[in-house]
Amino acid sequence: MDFIEDYHLYEKAMENAYALITKRKTIDDFYYDLEGDVIDNVPLPFDPLLDDGRNPDIIDVVIEYFTSTEEYEKCAELVKIKDKCLKEQTESDQQPLSL
């Protein structure tokens, strides 16, 4: 692979991550596209078997990419999802008070 091919793979990984994080596509959608020869591969910046991409670190990487490409609408949507994920994580980390 050369630099251009690597960059296109990186772009595709960020677009795929955005689609999964925003739930525009599911991993099953990608699987069916692969099975139907619609696409050749599904690059992602995370392992979809271990993670759904909705964790703050992964979302930050995707936000950074879309900031660099000046796609601020996507960034705004990702920030909202990240905030929601952080809120849910914080709430699940809190222990109930015992009286």
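The structure under discussion appears in the preceding block.
Figured I'd write up the structure that's included with this text. (Residues numbered from 1 in each chain as written. Predicted model: local features only at pLDDT ≥ 70, side-chain atom pairs only at ≥ 80, totals over all residues. Heavy atoms only, no water.)

Quick look at the overall build of the chain
Stage number 1. Scanning the chain from terminus to terminus reveals four helices and zero strands.
Stage number 2. Counted from the first residue to the last, the chain has its helices and strands arranged as α-α-α-α.
Stage number 3. Taken over C-alpha atoms, the radius of gyration comes to 16 Å for the chain, far larger than the 13 Å a tight globule of 99 residues would show.
Stage number 4. Seen through its principal axes, the chain has C-alpha atoms that stretch 60 × 30 × 20 Å.
Stage number 5. Split into buried and exposed, the 99 residues of the chain put 28% on the buried side.
Stage number 6. The contacts in the chain between residues at least 6 apart in sequence include a share of 60% that link residues at least 24 apart.
Stage number 7. Of the roughly 7,200 Å² that the chain leaves accessible, carbon and sulfur atoms contribute 53%.
Stage number 8. Within the chain, the 25 negative side-chain charges are centred at a point lying 9 Å from the centre of the 10 positive side-chain charges. (Helix = DSSP H or I, 4+ residues; strand = E, 2+ residues; numbered from the N terminus. Rg over C-alpha atoms; globule rule 2.2 N^0.38 Å. Buried < 20%, exposed > 50% of the residue type's maximum accessible area, 1.4 Å probe, protein only. Contact = heavy atoms within 4.5 Å. Areas by Shrake-Rupley, 256 points an atom, 1.4 Å probe, with all protein chains shown as cover. Lys, Arg positive; Asp, Glu negative; His and termini not counted. Charge placed at Lys NZ, Arg CZ, Asp CG, Glu CD.)

Observations concerning the packing of aromatic side chains
Stage number 1. This model, assessed by the stated rule, comprises six aromatic pairs.
Stage number 2. Summarising the aromatic geometry, the rings of Tyr31 and Tyr32 are spaced 5.8 Å apart at their centres and angled 65° between planes, so their arrangement reads as edge-to-face.
Stage number 3. Every member of this aromatic cluster is reached through a ring pair, and the members are Phe3, Tyr7, Tyr10, Tyr18, Tyr65 and Phe66.
Stage number 4. In this arrangement the basic side chain of Lys74 is found over the ring face of Tyr18, its NZ or CZ atom lying 5.0 Å from the centre. (Phe/Tyr/Trp six-rings, centres within 6.5 Å; stacked < 30°, edge-to-face > 60°. Lys NZ or Arg CZ within 6 Å of the ring centre and 35° of its normal.)

Things to note about helix H3 (residues 56-68)
Stage number 1. Given a rise of 1.5 Å per residue, 13 residues ought to cover 18 Å, and the 18 Å separating the end C-alpha atoms of H3 matches this to within 8%.
Stage number 2. Every buried residue of H3 is accounted for by Pro56, Ile58, Ile59, Val62, Ile63, Tyr65 and Phe66.
Stage number 3. Near the N-terminus of H3, the side chain that reaches the backbone nitrogen of Asp57, with its oxygen 3.0 Å away, is that of Asn55.
Stage number 4. Positive phi appears at Glu70, one or two residues downstream of H3, with a value of about 60°. (Expected span 1.5 Å × (residues − 1). Polar contact = N/O pair within 3.5 Å; in protein donor to acceptor, adjacent residues only side chain to side chain.)

Examining the nonpolar core
Stage number 1. Residues Ile21, Phe46, Ile59, Val62, Phe66 and Leu78 are the most contacted members of the largest nonpolar core, which totals 20 residues.
Stage number 2. Those elements that provide at least two residues to this core are helix H1 (3-21), H3 and helix H4 (72-93).
Stage number 3. The element best represented in this core is H1, accounting for seven residues.
Stage number 4. When near neighbours in sequence (up to four residues on either side) are disregarded, Phe46 contacts Ala17, Leu20, Asp51, Asp52, Gly53 and Ile58. (Core = buried A, V, L, I, M, F, W, Y, C linked by side-chain atoms within 4.5 Å.)

Side note on the side chain of Lys82
Stage number 1. Along the polypeptide, Lys82 turns up in helix H4.
Stage number 2. Judged by its relative accessible area of 18%, Lys82 falls in the buried class.
Stage number 3. Residues in contact with Lys82, not counting those within four places in the same chain, are Pro56, Ile59 and Asp60.

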